[in-house]
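Analysis of the macromolecular model
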Amino acid sequence: MTERTLKTSTPAPQVGAGNALWGGRFEAGPGAIMEEINASIDVDKRLATQDISGSLAHVAMLAATGIVTEDDAARISEGLHTIAGEIEAGTFPFSRALEDIHMNIEARLKDLIGEPAGRLHTARSRNDQVATDFKLWVRDALDGLDAELGDLQRAFVEVAERHAATIMPGFTHLQSAQPVTFGHHCLAYVEMIARDRGRIRDARHRMNESPLGAAALAGTAFPIDREMTASALGFEGPMHNSLDAVSSRDFALEALAAAAIAATHLSRFAEEVVIWCSAPFGFVKLSDQFTTGSSIMPQKKNPDAAELVRAKVGRIVGALNTLLIVMKGVPLAYSKDMQEDKPPLFDALPALSLCVRASAGMVRDLTVNEDAMRALASKGHTTATDLADWLVRTLGLPFREAHHITGAAVLAADRKGKEIAELTLAELQEVDGRITEDALTVLTVDRSVASRTSLGGTAPERVREEAARWRAVLWADA
Ligand code: ARG
């Protein structure tokens, strides 16, 4: 999703009263402010490739249906290919006076091939044209994101395999709760990202119908073949209502909604990286590749990439909000409001792509400090639940009573300045005389983690199974 830099030349190729393409009924050109607010070329030049693909499909159909001659169609196609080359080379003369990418390309086509250029827009409007172009762009962006998220999942699975038995503290409320394995933690993200990809694929599937041929809003009297253009552009088929085709942007909203949720997931991971890298935690280290220094404090190595992933969710969620508000209350069919649909997508989807790639980079870059993780995993009475479970299992106590007894053991440990796992048998028996030697064995973090073998649990054997399951899925389509 890298973007070519395309230059916009200022002066207008002047054309009678205003505009060569729609100026027939105008006596004067637009005012400077009108031109400034109306022109979208600085934004929609990013649709150049899609616009040319759409026009190539359209003109091939116009020829096949006899609406234009084969000869004119050939000249138009050739001209469009020349323009594609100019855009690629950065020599295309973009003009703000020509408003948008559609009219820039059509005007250039006229320069190149003359009269037949004027036949390209038969049975088409900029309204179905822009909807088509934009869908093609969003569809590509979603495909790119899906693939990049797949790579991020693979990065997490690789770490999960290496750290299936690496013990870390699991948190709730960011308070030490129960020991878990780092592999298990990584696989949580693999699951979240799988759902993100599901949302992206759903959106992609739902949007994949062609607006082209809806014309301005009502369809056209020309005998067009919408199936033909739809299939040439990789759509499942044509959209079935011309008003809907030119005026719906829920495909873009859905893409942004999926992106916003994915970005939210990445921000949580990024936040964890920031916490894990901090000196008090010291769980992981990022290399020089993913950190920056401070201009005043020579010792600093800051996790800027993680912080930026954490922050970029702001503009991605903001983009969703922007487009929801743009589209709210717009009467059918097309209104110029819809020209404001592109900046949020052009900003948010590449931003998410960067976040995904940066996250994958960080996951692969992380060095895990197993000792630091283990040390903190044993702090804060994290195996207290294991004692309660032992009381239930071995003494047949109701869980509530077991919970109460264990709470008393925690209090006793706190008073002695110990961890619950450090209490001696005698000390435990002071809390409840029924506790036996066997209870001591369940209080280690290793035993705690190994015992959690329920489906979806953190036991290393479960984590290895899940990692293997994901490996089979994710490497099959890599
Ligand atoms: N630049 C316009 C957009 O992005 C293209 C469609 C303009 N249609 C029109 N009837 N003015 O939405």
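Residues numbered from 1 in each chain as written. Predicted model: local features only at pLDDT ≥ 70, side-chain atom pairs only at ≥ 80, totals over all residues. Heavy atoms only, no water.

1. Thoughts on the nonpolar core
One finds V138, L152, F156, F182, L345 and L352 to be the most contacted residues of the largest nonpolar core, which totals 103 residues. With near-sequence residues (within four places) excluded, F156 lies in contact with C186, Y189, V190, I193, F269 and V363. Counting residues in each nonpolar core, the second largest holds 18 residues, with V410, I420, L423 and L428 among its members. (Core = buried A, V, L, I, M, F, W, Y, C linked by side-chain atoms within 4.5 Å. Buried < 20%, exposed > 50% of the residue type's maximum accessible area, 1.4 Å probe, protein only. Contact = heavy atoms within 4.5 Å.)

2. Comments concerning the packing of aromatic side chains
Tallied over the full model, the rule gives 11 aromatic pairs. Relative to F346, the ring of F134 lies with its centre 6.1 Å away and its plane at 85 degrees, an arrangement referred to as edge-to-face. Placement of F134 in helix 6 (residues 126-162) and of F346 in helix 12 (residues 342-365) is noted, with a sequence separation of 212 residues between them. Judged by its relative accessible area of 0%, F134 is buried. (Phe/Tyr/Trp six-rings, centres within 6.5 Å; stacked < 30°, edge-to-face > 60°. Helix = DSSP H or I, 4+ residues; strand = E, 2+ residues; numbered from the N terminus.)

3. Describing the pairing of strand 3 (residues 167-172)
Across 6 bridges, the pairing between strand 3 and strand 4 (residues 175-181) is antiparallel. Paired with I167 across the strands is T181, a residue of strand 4. Hairpin connection of strand 3 to strand 4: 2 residues between the antiparallel strands, including H173 at a positive phi of 60 degrees. (Pairing = 2+ DSSP bridges.)

4. A short note on the side chain of R124
Among the structural elements, R124 can be located in the loop between helix 5 (101-113) and helix 6. Among buried charged residues, R124 stands out as having no salt bridge; its nearest opposite-charge side chain is E106, 4.8 Å away. A polar contact is formed between the side chain of R124 and the side chain of S55, at a distance of 2.9 Å. (Lys, Arg positive; Asp, Glu negative; His and termini not counted. Salt bridge = Lys/Arg side-chain N within 4 Å of Asp/Glu carboxyl O. Polar contact = N/O pair within 3.5 Å; in protein donor to acceptor, adjacent residues only side chain to side chain.)

5. Some details on the site of the ligand
Taken together, S40, D44, D100, H102, R126, N127, V130, Y334, K336, Q339 and K342 are the residues near the ligand. A distance of 3.5 Å separates a nitrogen atom of the ligand from a polar side-chain atom of R126. Q339 is positioned with one of its side-chain polar atoms (N or O) 2.7 Å from a nitrogen atom of the ligand. Relative to its free-state accessible area of 340 Å², the ligand is covered by the protein chains to the extent of 87%. Considering each element in turn, the shell around the ligand owes the most residues, 3 residues, to helix 6. (Near = heavy atom within 4 Å. Areas by Shrake-Rupley, 256 points an atom, 1.4 Å probe, with all protein chains shown as cover.)

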